[in-house]
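Letter by letter, the chains look like this.
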Number of protein chains: 2
Amino acid sequence: MPESVNRSWTIANRPYGYPKESDFAISETEVEDPKHGEILVRTLYLSLDPYMRGRLRDRRSYAIPVGIGDVMVGEGVGRVIASQSEDVAVGDIVACQIGWQEYAVVPAHTARVVDPSMAPISTALGVTGMPGLTAYHGLLAVGRPRPGDTVLVSAASGAVGAVVGQIAKMNGCRVIGTVGSQQKADYCIQELGYDAVINYKTEDVFARLAEAAPDGVDIYFDNVGGTVTDAAIENLALRGRVLVCGQISQYNLEEPEMAPRNLWNLITKQARIEGFLVFNFQNDHDVARARLASWVRDGSLKYREDIVDGFERAPRAFIGLMNGANFGKLLVKMSD
Amino acid sequence: MPESVNRSWTIANRPYGYPKESDFAISETEVEDPKHGEILVRTLYLSLDPYMRGRLRDRRSYAIPVGIGDVMVGEGVGRVIASQSEDVAVGDIVACQIGWQEYAVVPAHTARVVDPSMAPISTALGVTGMPGLTAYHGLLAVGRPRPGDTVLVSAASGAVGAVVGQIAKMNGCRVIGTVGSQQKADYCIQELGYDAVINYKTEDVFARLAEAAPDGVDIYFDNVGGTVTDAAIENLALRGRVLVCGQISQYNLEEPEMAPRNLWNLITKQARIEGFLVFNFQNDHDVARARLASWVRDGSLKYREDIVDGFERAPRAFIGLMNGANFGKLLVKMSD
């Protein structure tokens, strides 16, 4: 193969608070040859996701933290340019744990072959990938929405939130979103069919939520934590469910933020708060992915991608994601 | 009937913070005659329970608050001294919503006839009554304990907690309790069979819990809220469950206490926090009560009552309950 240099983003320092560009460093290595059972993938799209902030933290979690000097973790979509596996052919498009790099050698069994006729290949990182599956399983399996339920979703135009809101609408629910800009608010109402949107940066979330959900919130799909979550718990309907998917408002704090205790609300409302991870539902991923892709094809599930061009921009784009600067699923386009 | 005066405790003022004796006032009225379908009950035991603090608060909850000048609410066990119902006979012992008073006329259908051969009649307010049922249903139906689970229960020697701990032991669990005195700690270990006890007033709950539950807490039965709950959430096992039954540490605060945000733990542990009310399980009360009574009779379920003698002492005893001054199920003995 003609390629010989692989550029990758490695961790230079563990970020303290909000990550800085200097926390990342470019490293150049030889492109390796795949060994038996492995494939060599050239990255087309790299996914940037909020969960990655957790991997930068040196503490016990559901996954091992990234070490200093290691290539930053991340899922990508790429083209197979060499294969030592019978299951994956050169030229196949795969989604896999690729890392923030131009090339990766991965075990073939960890790569999923993407069928471009199902949906655009970039969606394998978004609406038909991990974020879409997170929305699908979280809302349907953990939240168990019923027609007539009022569903609140935070980061409502984001990679996960936009799918939650649209599936909730398919499910006969009334959907309220929270967002951080007027542009995102307009998108939720005009494109995604939300019934109401609250801009948490400019509006009083408690007052607006009480107004928008007069019968209370049956399901709150929590991507952000913080005061939006406080308001949701305060406004739960009887047997309300808070599905804790993400807490991005908290990820860059070095000391935990303080909040009013509110578990009493759970007793009076016989309500629950439940955290979940998408990995738990992997037995149902194929069915879910096929449905998500069919909804993309027939136009009933809209999606928006925020595509940043060029490997060099990955750290800056990731830092923007922590502040909500992106609009839609954030991807880095690495090559054609 | 010879009795003509009924003394009752009414609400003089809504308490601000911890209730004071002056928030209650004795009122004297004529004992009324029961009308069709009603019974006249003479109170033998009055139950004092933490939930009553909520009824003194003028805010929406699962029950209507007590009004100023109204008789304070409370369940009691009494003897029927007049009946206009075919279902309840004079001389029967009944448990009913009796209020803090010496006599009450209640609709017969709201009274439950207590069989003294099942268990001592006072237990109809404790281990075989609402607190026992709360423990039984909360632990078994909401918590779904498995043998080998580590169960943490706060207010571990209390009316609810002591039943939770003992049923968890029957269920093959390892049981850790939190209490507020050495005497209660000794009782939990020596009488109730707890595996470990933490005195939240004298010990570092976070450190001691991490030590006592090295594999994490599978179920935390929360009667108190506050820092014990923070420590439990911090130490949850994978798929841990926090059952929110009571929050007594918070009931007498006029402003909500602040606490570190910790919902991130729910994601990484795929855990949940769930509030419940015992009323939700009333279809299963008869089965549960029969089991609790049989365990009382065969000695496998121990209980302890803290019986205060005399109607006049009810407010002081209730105030003591808010501070954990009682040791066991708190009852007021009203007459023989």
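Definitions and cut-offs
- Per-chain numbering applies: the sequence of each chain, read as written, is numbered from 1 onward.
- Labels follow written order: the first chain is A, the first ligand is 1, and so on.
- Totals for whole chains, interfaces and linings use every residue, but because this is a predicted model, local features are given only for residues with pLDDT of at least 70 and side-chain atom pairs only at 80 or more, for both listing and counting.
- The side-chain numbers reported here are obtained from all heavy atoms of the structure, hydrogens and water having been left aside.
- Relative accessible area decides the class of each residue, using a 1.4 Å probe on protein chains only: under 20% of the type maximum gives buried, over 50% gives exposed, and in between gives partly exposed.
- Helix and strand assignments follow DSSP, with helices taken as H or I runs no shorter than four residues and strands as E runs no shorter than two, numbered in order from the N terminus.
- At least two DSSP bridges between two strands are needed for those strands to be called paired.
- With strands facing away from the observer, any crossover in which the path from the first strand over the helix to the second runs clockwise is taken as right-handed.
- Contact criterion: two residues are considered in contact whenever any of their non-hydrogen atoms come within 4.5 Å of each other.
- Simply put, the buried area is the total loss of 1.4 Å probe accessible area from both parts when two parts are fitted together.
- When a carboxyl oxygen of Asp or Glu lies within 4 Å of a side-chain nitrogen of Lys or Arg, that pair is called a salt bridge.
- Any N or O atom pair separated by 3.5 Å or less is treated as a polar contact, with the protein-specific requirement of one donor-capable and one acceptor-capable atom, and with residues adjacent in sequence counted only for side-chain atom pairs.
- Just so you know the grouping, Ala, Val, Leu, Ile, Met, Phe, Trp, Tyr, Cys and Pro go in nonpolar, Asp, Glu, Lys and Arg go in charged, and all remaining residues, Gly too, go in polar.
- The aromatic pairing rule takes the rings of Phe, Tyr and Trp, using the six-membered ring of Trp, and pairs them if the centres are within 6.5 Å, calling planes under 30 degrees apart stacked, those over 60 edge-to-face and the rest tilted.
- Each axis is a line fitted through C-alpha atoms, and for a helix only the stretch in contact is used; angles between axes span 0 to 180 degrees, taken between their N-to-C directions.
- Orientation labels follow simple angle bins: below 35 degrees gives roughly parallel, above 145 gives roughly antiparallel, 65 to 115 gives roughly perpendicular, and whatever is left gives oblique.
- Crossing handedness follows the turn of the near helix against the far one: under a right angle anticlockwise gives a left-handed crossing, and clockwise gives a right-handed one.

Participant: Quick question: what am I supposed to make of the pairing of strand E11 (residues 217-222) of chain B here?
Facilitator: Looking along a regular strand, one sees side chains alternate from face to face of the sheet. Residue and element names in this part refer to chain B. With respect to burial, E11 is a largely interior element, 6 of its 6 residues being buried. Here 3 bridges tie strand E8 (residues 150-154) to E11, and the two strands are oriented parallel to one another. Bridge pairing in E11 places Val151 opposite Ile219. Pairing of E11 with strand E12 (residues 236-244), which is carried by 5 bridges, proceeds in the parallel orientation. By the bridge assignment for E12, Ile219 is matched with Arg241. In this view, the connection linking E11 to its parallel neighbour E12 by way of helix H6 (residues 227-234) has right-handed handedness.

Participant: What is the right way to look at the interface of chain B and chain A in this model?
Facilitator: Accessible area lost upon the coming together of the parts serves often as the stated size of an interface. Opposite the 35 residues of chain B that make contact, chain A presents 35 residues. Across the chain B/chain A interface, buried area totals approximately 3300 Å², and carbon plus sulfur atoms make up 61% of it. Area buried by chain B at its contact with chain A is led by B:Arg261, B:Trp264 and B:Ile267, which between them contribute 26% of it. Where chain B meets chain A, there are 4 salt bridges. The salt bridge partner of A:Glu257 is B:Arg261, with a shortest N-O separation of 2.7 Å. Our count for the contact surface shared by chain B and chain A stands at 10 residue pairs in polar contact (both at pLDDT 80 or more). Put simply, the parts of the chain that give the side of chain B that touches chain A at least two residues each are H6, E12, strand E13 (258-260), helix H7 (264-268) and strand E14 (272-275) of chain B. Looking at the side of chain B that touches chain A residue by residue, the class counts come to 16 nonpolar, 11 polar and 8 charged. The pairing of strand E13 (residues 258-260) of chain A with E13(B) spans 3 bridges and is antiparallel. Residue pairing in the sheet places A:Met258 in a bridge with B:Pro260 of E13(B).

Participant: Please explain the packing of aromatic side chains as it appears in this structure.
Facilitator: Within a pair of aromatic rings, the relevant descriptors are the distance that separates the centres and the angle that separates the planes. All names here are of chain B. Summed over all chains, the structure comprises 16 aromatic pairs over all chains. Ring geometry for Trp9 and Phe311: centres 5.8 Å apart, planes at 25°, overall stacked. Residue Trp9 is found in strand E1 (residues 5-11), and its partner Phe311 is found in the loop between strand E15 (305-309) and helix H9 (314-322); the two are separated by 302 residues along the sequence. Of the two residues, Trp9 and Phe311, both sit in the buried class. Ring geometry for Phe24 and Trp100: centres 5.2 Å apart, planes at 15°, overall stacked. Note that Phe24 is positioned in strand E2 (residues 24-30) and Trp100 in the loop between strand E5 (93-97) and strand E6 (103-107), a separation of 76 residues in sequence. A single burial state applies to Phe24 and to Trp100, both of which are buried.

Participant: Explanation requested: the side chain of A:Ser122 in the structure shown.
Facilitator: Relative to the helices and strands, A:Ser122 is located in the loop between strand E7 (112-113) and helix H2 (130-143). Within the structure, A:Ser122 has its side chain in polar contact with the side chain of A:Glu305 (distance 2.7 Å).

Participant: Teacher, can you tell me more about the packing of helix H5 (residues 205-212) of chain B against H6(B) here?
Facilitator: Any two packed helices are characterised by the angle at which their axes cross and by the distance between the axes. Residues and elements named next belong to chain B. Axis separation between H5 and H6 bottoms out at 9 Å; the angle between their running directions is 40°. If you check the angle between H5 and H6, you find them oblique. When you trace H5 past H6, the crossing you get is right-handed. The segment H5 lies against H6, with Val205, Phe206 and Leu209 engaging Thr227, Val228, Asp230, Ala231, Ala232 and Glu234. Classifying every residue of the contact of H5 with H6 by side-chain character gives 6 nonpolar, 1 polar and 2 charged.

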